[in-house]
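# Structure at a glance
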Amino acid sequence: MASLSTDVFYDILRRLDGPTLAAAACSCATFCLISREERLWENVCSSMWPSTNREDVKSLISSIGGFRKFYADCFPLIVNKEVTEYQWNGHLEYPEEWSEAEYYGDIVGLESISPLDFVSIVDIRYKDKTICSKVLWGIPNANGSNSWFHNCPFRIDLLNYAARDDDCEGEVTLSVSDGLPPITSMEKERKDGKLWKELQDSLCLSWIVVNQKVKQAANLASWSPLGGQRHWPTDKDFVIRFGSVLPAKDILPCQVVECILIMKFRVVHTEGDGVETILKLTELSMQLVDMEGAHVNGRNSLLILKEALSCRRSKNYSEVLESWHMYSKVQSELKEEKMRNESRLDRLCILIGIASFVTFWYYIL
């Protein structure tokens, strides 16, 4: 080792992926020193997130601490362990002492957050091949402190607002040449689900949000799909869902919210039409939803996104799944409890009605 030059070590390290490079940096002092070279981490980031190859994104990453810090912030995924704590806290009712301004998120700290501070860096992979890279500067339709954005449901539709000079211009499609299994008819696909299973197993999404002002970044996606719906809303549509569980402590009564990232594909051609199977990406969006399924408004969403950039993360994907499954479990229990309460209330109203009817006729007769 001592007889080898630094250039040889550098040539070895530049061929490694991120986790291996980080592990090599812990093996000896020489590797640790060389691994601090920003160019190495720039190569790692560009291979993992092709959207970081853009000059404007490179400048952004340099301004928030460099590629090494960017990788350390965005490679681990968000894990929220507060879901289990909320399970014992119980109820979603908004406290009576909350004012209307607090309910809608008009609280201290909002003045320091601007929608223009946020940048979305998004990459989609299919079987390790990048099919889409987009960058969105700011949050659309959020200009002005008193705009309707703050009190309306938060939603980012990336396909409508991403910059025109993105790496993937025009339509984003998948075909048999990309490794997509051919389908002869939608009826057959509905029975065997071969195409649906292939999409679930092979698609990966990375949605990185950067706050330029506080110089922080985080990946809000789950890499692999968390669920979805096939043949919805039409027979030729496939909706695939990614996301994460974000903290909303001191922002919303439910304490945690789900960041839902929707990717929708539509079959535009099949083998039965005389052409190859082609899927077209028709939607790529983000929205925040609370425990009851209500969409979080823009004002509260800005606060939640800011907090999410500094919350706990993990490289262990099983922890990410555990966090999401726990959230789904608590949400289901909450929904069941709500239905039981409504059922009890309905029975109580029926009994009161019957008692009132009997009492009325008792005095009449």
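Residues numbered from 1 in each chain as written. Predicted model: local features only at pLDDT ≥ 70, side-chain atom pairs only at ≥ 80, totals over all residues. Heavy atoms only, no water.

- Per an unreviewed UniProt entry, the recorded name for the protein is F-box protein, and the organism is Hibiscus trionum.

## A closer look at helix α2 (residues 18-25)
- Residues Gly 18, Leu 21, Ala 24 and Ala 25 constitute the buried set of α2. One side of α2 holds all its buried residues, which, seen down the axis, span an arc of 125°.
- Packing partners of the buried residues in α2 comprise α1 (6-13), α3 (29-34), α4 (38-48) and α6 (67-74). (Buried < 20%, exposed > 50% of the residue type's maximum accessible area, 1.4 Å probe, protein only. Helix = DSSP H or I, 4+ residues; strand = E, 2+ residues; numbered from the N terminus. Arc of directions from axis to C-beta. Contact = heavy atoms within 4.5 Å.)

## A look at the packing of aromatic side chains
- Applying the stated criterion across every chain yields a total of ten aromatic pairs.
- Where Phe 357 meets Trp 361, the ring centres are 6.2 Å apart and the plane angle is 65°; that geometry is what we call edge-to-face. In this pair, Phe 357 and Trp 361 are both assigned in helix α13 (residues 317-364), four residues apart and thus about one turn of the helix distant.
- Judged by its relative accessible area of 54%, Phe 357 falls in the exposed class.
- Judged by centre distance (5.5 Å) and plane angle (80°), the ring pair of Phe 360 and Trp 361 falls under edge-to-face.
- Owing to a relative accessible area of 38%, Trp 361 belongs among the partly exposed residues under this scheme.
- Aromatic rings pair up to connect Trp 41, Trp 49, Phe 70, Tyr 71 and Phe 75 into one cluster. (Phe/Tyr/Trp six-rings, centres within 6.5 Å; stacked < 30°, edge-to-face > 60°.)

## Observations regarding the environment of Lys 306
- Here Lys 306 is to be found in helix α12 (residues 298-308).
- Exposure remark for Lys 306: the relative accessible area of 26% places this residue in the partly exposed category.
- Between the alpha carbons of Lys 306 and Gln 216 there is a distance of 8.8 Å; along the sequence they are 90 residues apart.
- Look past the residues within four positions of Lys 306 in its chain and what remains in contact with it is Ser 112, Ile 113, Phe 118, Val 214 and Gln 216.

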